[in-house]
Structure formats: structure tokens, C-alpha cells
Amino acid sequence: MFLMIDWGLLLRILHIVGTAIGVGAATMLEVFSIYFGRDGKVDLMEHEVLRICVTMLRIGLVILAFSGFGLLVMWRLRLLGPDTFFAPRFMAKITILLILLSVAMLVNFRLINFKLGSAISTTSWYAALILGMWRKMEASYFLIMFVYLVFIGIVYFSLEYIRKIVARRQ
């Protein structure tokens, strides 16, 4: 007997796994970069740990993007209407994913400050997680994006504050 695969379920599982890997990797990358950067230098072992975190972050992003695209195709084939594709929460998730992809490229090519890029990345991963879980959210696209931008600022200044505290303890 052949095993029948529910592609929608498989894509949703991959989407959740990609998000979990990305959120975990972004969190650990922040923790380790703050911890390793407290003395102002990163040795070879610390660099390798950070490289592993970045690799996991990229794996999560690839899984998230491809599974999300697969879900998008499946929804379109099921002829879901504009109420699905133009829902504020969905549009915000797509925008945040595009920002996340853009920031990943900018940080990779050193075209953006690492501290700003990491704050945007961390905020984006958590925003994607929250938007994915909060299905009953009744907010406009502009409100969601405004709150997202405010949280980027909060995360940036919080991380800077934590870096200063950790550096003083060195």
C-alpha cells in the first residue's frame, strides 16, 4: 500500500520547523555574539560557534521561504480569494520575510551595520513567529508594520544596553 502524503500538512510542518530553527538560531546568535564580544575580540572557537549559528539561521530561512512558497501555491490552487492573499496579517508576514531576506543579504555583504542587522533579524524572526501563531489578529497592515518598526528600535536599544552591561562585567 502506498503512503498518501498530505502535502499541505507536510508544508505546514516544514514551515513551523523553519520558523523554530530561525527563531532559535537568531536568539542563540544574539546571546553568543554578546557573550563572545564582551572582551572586544572573537577567537577562532568563538568564530566557529557564531558561524554555526549563522548557518542554522540560513537553513531556517530557506526552509521557511520554500515551505511558505509551497503553501502559497497550494492556497492558490485551491482558489482561495483575495480575502486570504490580501489579509493584513498575511501581507505583513510577506513584508517581514522580504525584510528578513534583504537584511540577511545586506549583513552578508557587510552593507549594513551588524548591530542594526542583528536587531532587525531578531525582531523579524519573532514577528514572523507571533504573526504565524496569532491567527485571530484583527489589525491593519500599517498598524502591524508600525508595531514591528517600534520593536526593531526597542530590540536595538535593549541589545546595546545588554552589551554595555556585559562589557562592564568583563
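In this text, all values refer to a predicted model and were calculated from it rather than measured experimentally.

A.B. asks: Explain the overall build of the protein residue by residue, including any values.
C.D. replies: Within the protein one finds six helices and zero strands. Once the C-alpha set of the protein is aligned to its principal axes, its extents read approximately 60 × 45 × 25 Å. Per-residue burial over the protein gives 33% buried out of 170 residues.

A.B. asks: Residues and numbers for the pattern of salt bridges, please.
C.D. replies: The full count for this structure, using the stated rule, is four salt bridges. The salt bridge partner of Arg163 is Glu30, with a shortest N-O separation of 3.5 Å. Of this pair, Arg163 sits in helix α6 (residues 141–168) while Glu30 sits in helix α1 (residues 7–36); the two residues are 133 residues apart in sequence, bridging distant segments of the chain. Assessed through its relative accessible area of 15%, Arg163 is described here as buried. A relative accessible area of 7% means that Glu30 is categorised as buried. The partner of Lys115 in a salt bridge is Glu160, with the nearest N and O atoms 3.7 Å apart. In this pair, Lys115 is assigned in helix α5 (residues 114–133) and Glu160 in helix α6, connecting sequence segments 45 residues apart.

A.B. asks: Can you explain the environment of Phe86? Please cite residues and give values.
C.D. replies: Secondary-structure assignment places Phe86 in the loop between α3 (82–85) and α4 (88–108). Residue Phe86 is classed as exposed on the basis of its relative accessible area, which comes to 61%. Through-space distance from the C-alpha of Phe86 to that of Tyr141 is 9.6 Å; in sequence the pair is 55 residues apart.

A.B. asks: Tell me about the side chain of Ser118, and name the residues and values.
C.D. replies: Mapped onto the fold, Ser118 is located in helix α5. In terms of polar contacts, Ser118 uses its side chain to reach the side chain of Glu30, at 3.0 Å. Of note is the side chain of Ser118, whose polar atom sits 3.0 Å from the backbone oxygen of Lys115. Those residues within four positions of Ser118 in sequence are excluded, and the remaining contacts are Glu30 and Arg163.

A.B. asks: Explain helix α2 (residues 44–77) to me, using residue names and the numbers behind them.
C.D. replies: A rise of 1.5 Å per residue sets the reference length of α2, with its 34 residues, at 50 Å; its end C-alpha atoms lie 49 Å apart and thus fit the reference within 8%. Restricting attention to buried positions, one finds in α2 the residues Glu46, Val49, Leu50, Cys53, Leu57, Gly60, Leu61, Leu64, Ser67, Gly70, Leu71 and Met74. One side-chain oxygen of the residue at the start of α2 lies 3.1 Å from the amide nitrogen of Met45, identifying that residue as Asp43.

A.B. asks: Which residues make up a nonpolar patch on the surface, and what values go with them?
C.D. replies: A surface patch of nonpolar side chains, amounting to about 530 Å² of accessible area, comprises Leu143, Phe146, Val147, Val150, Phe151 and Ile154. By the element assignment, Val147 lies in helix α6. Using a relative accessible area of 37% as the deciding quantity, one classes Val147 as partly exposed.

Conventions and cut-offs
- Residues numbered from 1 in each chain as written.
- Predicted model: local features only at pLDDT ≥ 70, side-chain atom pairs only at ≥ 80, totals over all residues.
- Heavy atoms only, no water.
- Helix = DSSP H or I, 4+ residues; strand = E, 2+ residues; numbered from the N terminus.
- Buried < 20%, exposed > 50% of the residue type's maximum accessible area, 1.4 Å probe, protein only.
- Salt bridge = Lys/Arg side-chain N within 4 Å of Asp/Glu carboxyl O.
- Polar contact = N/O pair within 3.5 Å; in protein donor to acceptor, adjacent residues only side chain to side chain.
- Contact = heavy atoms within 4.5 Å.
- Expected span 1.5 Å × (residues − 1).
- Patch = residues over 30% accessible without salt bridge, like charges linked within 9 Å, V, L, I, M, F, W, Y side chains within 5 Å.
- Areas by Shrake-Rupley, 256 points an atom, 1.4 Å probe, with all protein chains shown as cover.

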